[in-house]
Amino acid sequence: PQTSWPAVGWWAGVGLIVQASAVAAAAATTAVTAAAAAPTGLLCDFQRTPALGVGWHAPPLFGWIVPGCPGGSSTVQTAYRLEVRLEVTAELVWDSGRVVGNGSTRVPYDGPALLPAESYVWTVVTWGSGPNGSGGCVSPASAPARFVTALLHGWHPSTAFLWLPNTSNPLTQFGDTPPALPPRFGYFRRVMDVSQAGGDGCIHSPRPHSTAQNRTTAVTRALLFASGSVDPTILSAVKVYIGGRLVAVGPGRGEAGVRNGDGQFRPVYMTLDVTGTVAAATRQGQPAVLAVEGQSPMGDDDWDTWDPRGRTGLAAPPPGVVLELQILRSDGTSCTVTSGDRGGWTGWNADAYYRPLGDTVTWYNQVVENTDARAEPLEWRSSVTAAANWRPAVTTNASTAALAPKMARPLQVFAVGPQPLAVVPPPPPP
């Protein structure tokens with residue numbers, strides 16, 4: 001969700017100051033007037049606001065649409081000024097100053113090192129001139145755009161891939177006694193209390209921008225980083241729910257870094273801003289359910305084969321699902337929930353839902369194409385009451401180091417309620 005800004009904010013004042021100083025500096029050489037509009041179309045790393053998972057391969061790149069000077073459509077940008085601030089405190093992080101040049105795409109950030117898993121806002125002011133250098137104008141500051149940095153220094157030390165313990169899984173087609181194998185699909189849940197007094201499931205720590213004047217504990221920002229083992233057939237390897245609401249589906253195919261990359265294809269994780277959802281689910285300090293659906297990879301590379309052991313022997317233990325939820329409170333303290341906290345996570349074997357026919361597979365009988373919705377536990381995504389027949393989840397030894405932030409924007413989730421249907425009676429027989 002977008003942060004709600006007041007009608008007159010810090011950027012308006014900055015824009016007026018910048019505009020006034022620019023006019024004074026240019027008055028001795030040319031007549032400067034106000035531009036017809038502020039810069040628009042702001043992009044960070046080619047993403048519109050909010051840009052997510054920024055800064056892992058290289059410092060972010062900025063771009064914008066240059067506004068025209070009054071009375072002409074052939075305006076050429078002659079200079080720009082960028083400002084980057086922390087979103088929570090509006091603290092100035094970088095001011096480029098007035099930079100002479102017509103560049104308005106792929107303009108690099110050149111300030112201090114950005115913090116990991118942090119939300120920033122940025123604005124731009126431009127100067128322009130008409131054809132052949134005639135006239136001149138300076139724009140007001142643009143509306144602020146946001147970007148969220150990736151996990152630049154790696155995942156929290158407690159974060160780990162989460163899955164279900166091995167279970168009996170008969171493989172009748174082998175004609176032998178099979179070993180216990182992990183389920184292919186799993187549901188996971190935990191109840192989290194993000195209030196400062198409770199803290200169940202939260203790793204508490206003070207934030208560097210904590211303020212003594214603001215001591216309430218409302219959620220002011222929540223960032224989710226999530227991934228799962230991706231199957232070649234089913235690219236939606238993980239779904240994440242907060243308080244019963246679906247917030248993430250992905251992560252999709254892996255990617256190779258475009259900027260400063262080594263050409264290596266890496267699995268990816270999603271970066272999402274879930275502030276509004278977490279704030280609503282935990283209002284007045286109430287606990288909320290964090291729930292995840294996941295799948296394990298197939299046993300081999302053949303897309304139409306669901307043999308859990310694969311053609312080359314037993315499959316490796318499944319990586320499972322991994323997530324980190326970082327919550328910032330209005331008093332400056334934070335709470336981090338990770339998939340490595342085994343004390344609170346429980347799991348349920350979802351093969352009964354997604355694989356009701358077990359390992360009986362043909363071209364016309366594929367896993368997920370045949371499901372049994374009767375097997376899904378009721379209200380497992382939202383009820384804080386302990387669910388029956390759920391087992392403690394386990395962590396796997398898979399490393400999170402290979403995961404890279406997804407460059408493409410994550411899938412957007414829209415809640416669409418039921419719509420009334422008009423029943424039209426058939427016409428009478430002739």
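Analysis parameters
Residues numbered from 1 in each chain as written. Predicted model: local features only at pLDDT ≥ 70, side-chain atom pairs only at ≥ 80, totals over all residues. Heavy atoms only, no water. Pairing = 2+ DSSP bridges. Helix = DSSP H or I, 4+ residues; strand = E, 2+ residues; numbered from the N terminus. Phe/Tyr/Trp six-rings, centres within 6.5 Å; stacked < 30°, edge-to-face > 60°. Buried < 20%, exposed > 50% of the residue type's maximum accessible area, 1.4 Å probe, protein only. Lys NZ or Arg CZ within 6 Å of the ring centre and 35° of its normal. pLDDT = per-residue confidence, 0-100. Contact = heavy atoms within 4.5 Å. Core = buried A, V, L, I, M, F, W, Y, C linked by side-chain atoms within 4.5 Å. Disulfide = S-S within 2.5 Å.

1. Regarding the sheet that holds strand E2 (residues 40-44)
The sheet built from four strands is open, its strands ordered E3-E2-E5-E9 with antiparallel pairing. Only two strands of the sheet have a single partner each, and these edge strands are strand E3 (47-48) and strand E9 (107-108). Bridge analysis of strand E5 (residues 61-65) against E9 gives two bridges, and the strand direction is antiparallel. Directly across from phenylalanine 62, in E9, lies its bridge partner valine 107.

2. A few points about the packing of aromatic side chains
For the structure shown, the criterion picks out 16 aromatic pairs. Ring centres of tyrosine 241 and tryptophan 380 lie 6.0 Å apart, and the angle between their planes is 70°; this geometry places the pair in the edge-to-face category. On the criterion of sequence distance, the pair formed by tyrosine 241 in strand E17 (residues 238-242) and tryptophan 380 in the loop between helix H3 (351-354) and strand E26 (391-392) is long-range, its members being 139 residues apart. Exposure class is identical for tyrosine 241 and tryptophan 380. Each is buried. The rings of Phe185, Tyr187, Tyr241, Trp348, Tyr353, Tyr354, Trp380 and Trp390 are connected pair by pair, giving a single aromatic cluster. Positioned above the aromatic ring of tryptophan 127 is the side chain of arginine 98, whose terminal nitrogen or guanidinium carbon lies 4.7 Å from the ring centre. Positioned above the aromatic ring of tyrosine 241 is the side chain of arginine 381, whose terminal nitrogen or guanidinium carbon lies 4.6 Å from the ring centre.

3. Re the confidence of the model for the protein
Scored by pLDDT, the protein comes out at a mean of 77, with 72% of its residues at no less than 70. Ignoring residues within four places in sequence, the model shows residues 299-317, a span with pLDDT below 50, making 45 contacts including any to other chains.

4. Remarks on the nonpolar core
Judged by nonpolar contacts, the single largest core of 32 residues is most densely connected at Phe188, Leu224, Val274 and Leu325. Not counting residues within four places of it along the chain, the set of residues in contact with leucine 325 comprises Met192, Ala222, Leu223, Leu224, Val274, Val278, Cys335, Thr336 and Val337. Among the nonpolar cores identified, the runner-up in size contains 19 residues, and Ala51, Leu86, Leu114 and Trp122 belong to it.

5. Some remarks on the sheet that holds strand E18 (residues 245-250)
Strand order across the open sheet formed by six strands is E18-E17-E22-E14-E25-E26, with antiparallel pairing between neighbours. Strands at the two margins of the open sheet, each flanked by one partner only, are E18 and E26. Relative to E26, strand E25 (residues 346-349) runs antiparallel, the two being bridged by two bridges. Of the residues in E26, the one forming a bridge with threonine 346 is proline 392.

6. Remarks on the state of the cysteines
Across all of its chains, the model carries one disulfide by this definition. Note on cysteine connectivity: cysteine 69 is disulfide-linked to cysteine 137, with sulfurs 1.9 Å apart. Judged by the sign of its S-S torsion, about -75°, the cystine formed by cysteine 69 and cysteine 137 is left-handed. Of this pair, cysteine 69 sits in the loop between E5 and strand E6 (76-86) while cysteine 137 sits in strand E11 (residues 137-138), placing them 68 residues apart in sequence.

7. Here we look at unusual backbone geometry
Note that the residue after threonine 49, namely proline 50, is joined by a cis bond; omega there is -5°. As for its position among the elements, proline 50 is in the loop between E3 and strand E4 (51-54). With a phi close to 65°, alanine 90 is a non-glycine residue in the positive phi region. Secondary-structure assignment places alanine 90 in the loop between E6 and strand E7 (92-95). Although it is not a glycine, arginine 106 sits at a positive phi angle of roughly 55°. Inspection of the secondary structure assignment puts arginine 106 in the loop between strand E8 (99-100) and E9.

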